[in-house]
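The residues making up each chain are set out below.
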Amino acid sequence: MNIINSVEEQEKLCNRLTDDNIKISLIPTMGNLHLGHESLLKASLNDDYRIVSLFVNPLQFNNYKDYENYPKTIKKDLKILKSYNIDCLFMPSKEDMILKTNHDIERKLPDFANILCGKFRKSHFQGVYSIVKKLFNIIKPQKAYFGKKDFQQLLLIKYLVKECFKNNIEIIECETIREKNGLAMSSRNNNLSIKQNRLAALVYNELVSLKKSLKNNNISLFPKLREEIIRKLSKQDIKIEYLDILCRNNLNTPTEKDIDVNIFVAFYIGDVRLIDNIEI
Ligand code: PAF
């Protein structure tokens, strides 16, 4: 596996590959790879040339402590990437990615980036948008892989591809991978104790029963059920940041007629913040 740390070198390599008509796939990550990432690596197995980027993007953390505490497991990550025959790992420095270049950090994002996580994590999506745009410009992928757990991020990336890359990058959406108890895989799960992990899985159970109730009845029941769930979980010290039902393709508030809807949740267990969503 080729390991590249410099933007210039990565650009040169990708220009060469593009000139030779070799199709590049990109799997962007912040490292600390888990089974969720592995599902992206698996999904790309038959692609021509697969590049994984590993960059803990300071621009998308609204809290410096959270950025500093982001788990780093590079030795384990390298093993995983090699086991999936990844062709190239792009692991740039903060200087190269952030300090030496202009950023799209001030760009006005679509309204859907200001709700859910966008409301509670100021500038988070500006940071994601800016760094993924930069990665796409350096690597020029034909395909890029993202997980549905970060559903709002996925919509933003599709918006970016339409706005800046004429829809010329195919975005491959991969399903959320869950632990045995239902908790969505996330690097942040590492920061949970065993007891907290069990508590976090209760939120998923609630999403599943909510899904059943709404399917059997209709979404007008949502506000009442929502209050009940928030009350019930708060007794277990689970603090719900948001719990919403929204249209899957644009995050608009659904009407009774809308059938393509997801439930979105963000919650805290202690000081660990987690997100999840499920289709109804
Ligand atoms: O989902 C992530 O790991 C990050 O938000 C991403 C897409 C790598 C951008 O930094």
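Anything mentioned here points back to the structure above.
Below or above, wherever it landed, is the structure these notes cover. (Residues numbered from 1 in each chain as written. Predicted model: local features only at pLDDT ≥ 70, side-chain atom pairs only at ≥ 80, totals over all residues. Heavy atoms only, no water.)

A few points about the site of the ligand
At step 1: Taken together, Pro28, Thr29, Met30, Asn57, Gln60, Ile131, Val132, Phe146 and Gln153 are the residues near the ligand.
At step 2: Here an oxygen atom of the ligand sits 2.6 Å away from a polar atom, N or O, in the side chain of Gln60.
At step 3: At 2.7 Å from an oxygen atom of the ligand is found a side-chain nitrogen or oxygen belonging to Gln153.
At step 4: Looking at the shell around the ligand, the elements with two or more residues in it are strand S2 (24-29) and helix H7 (124-139).
At step 5: Its residues assigned to classes, the shell around the ligand shows 5 nonpolar, 4 polar and no charged. (Near = heavy atom within 4 Å. Polar contact = N/O pair within 3.5 Å; in protein donor to acceptor, adjacent residues only side chain to side chain. Helix = DSSP H or I, 4+ residues; strand = E, 2+ residues; numbered from the N terminus. Nonpolar A, V, L, I, M, F, W, Y, C, P; charged D, E, K, R; others polar.)

Thoughts on the packing of aromatic side chains
At step 1: Evaluated as defined, the whole model comprises 7 aromatic pairs.
At step 2: Each ring, one from Phe136 and one from Phe165, has its centre 5.6 Å from the other, and the planes form 85 degrees; the classification is edge-to-face. Separated by 29 residues along the polypeptide, Phe136 in helix H7 and Phe165 in the loop between helix H8 (151-164) and strand S6 (170-174) bring together distant segments of the chain.
At step 3: Take Phe136: its relative accessible area is 1%, and that puts it in the buried class.
At step 4: Classification of Phe165 by relative accessible area gives buried; the value is 13%.
At step 5: Among the aromatic side chains, those forming a connected cluster through ring pairs are Phe61, Tyr64, Tyr67 and Tyr70. (Phe/Tyr/Trp six-rings, centres within 6.5 Å; stacked < 30°, edge-to-face > 60°. Buried < 20%, exposed > 50% of the residue type's maximum accessible area, 1.4 Å probe, protein only.)

So, the sheet that holds strand S9 (residues 272-279)
At step 1: Read from one edge to the other, the open sheet built from 3 strands follows the order S7-S8-S9, with strand pairing classed as antiparallel. Unpaired on one side and paired on the other, strand S7 (238-247) and S9 mark the two borders of the sheet. On average, each strand axis in the sheet is inclined to that of its neighbour by 15 degrees, with strand direction left out of account.
At step 2: The pairing of strand S8 (residues 261-269) with S9 spans 8 bridges and is antiparallel. Looking at S9, one finds that Ile269 is bridged to Val272.
At step 3: Running at roughly 160 degrees to S7, helix H10 (residues 222-234) makes contact with S7 and S8 of the sheet. (Pairing = 2+ DSSP bridges. Axes fitted to C-alpha atoms, helices over the stretch in contact; angles between N-to-C directions. Contact = heavy atoms within 4.5 Å.)

Looking at helix H9 (residues 194-216)
At step 1: The terminal C-alpha atoms of H9, which comprises 23 residues, lie 34 Å apart, in line with the 33 Å expected from a rise of 1.5 Å per residue.
At step 2: For H9, the complete set of buried residues consists of Asn197, Leu199, Ala200, Ala201, Val203, Glu206, Leu207, Leu210 and Leu214.
At step 3: Next to the buried residues of H9 lie H10, S7, S8 and S9. (Expected span 1.5 Å × (residues − 1).)

Quick notes on the environment of Asp66
At step 1: Tracing the backbone through its elements, the reader meets Asp66 in helix H3 (residues 64-69).
At step 2: When the C-alpha atoms of Asp66 and Asp271 are compared, they prove to be 9.9 Å apart, with 205 residues separating the residues in sequence.
At step 3: There is a polar contact of 3.0 Å between the side chain of Asp66 and the side chain of Arg188.

Quick word on the side chain of Asn262
At step 1: Its place among the elements puts Asn262 in strand S8.
At step 2: A polar atom in the side chain of Asn262 sits 2.7 Å from the side chain of Arg248.
At step 3: Those residues in contact with Asn262, other than ones at most four positions away along the chain, are Phe151, Asp244, Ile245, Leu246, Arg248, Asn277, Ile278, Glu279 and Ile280.

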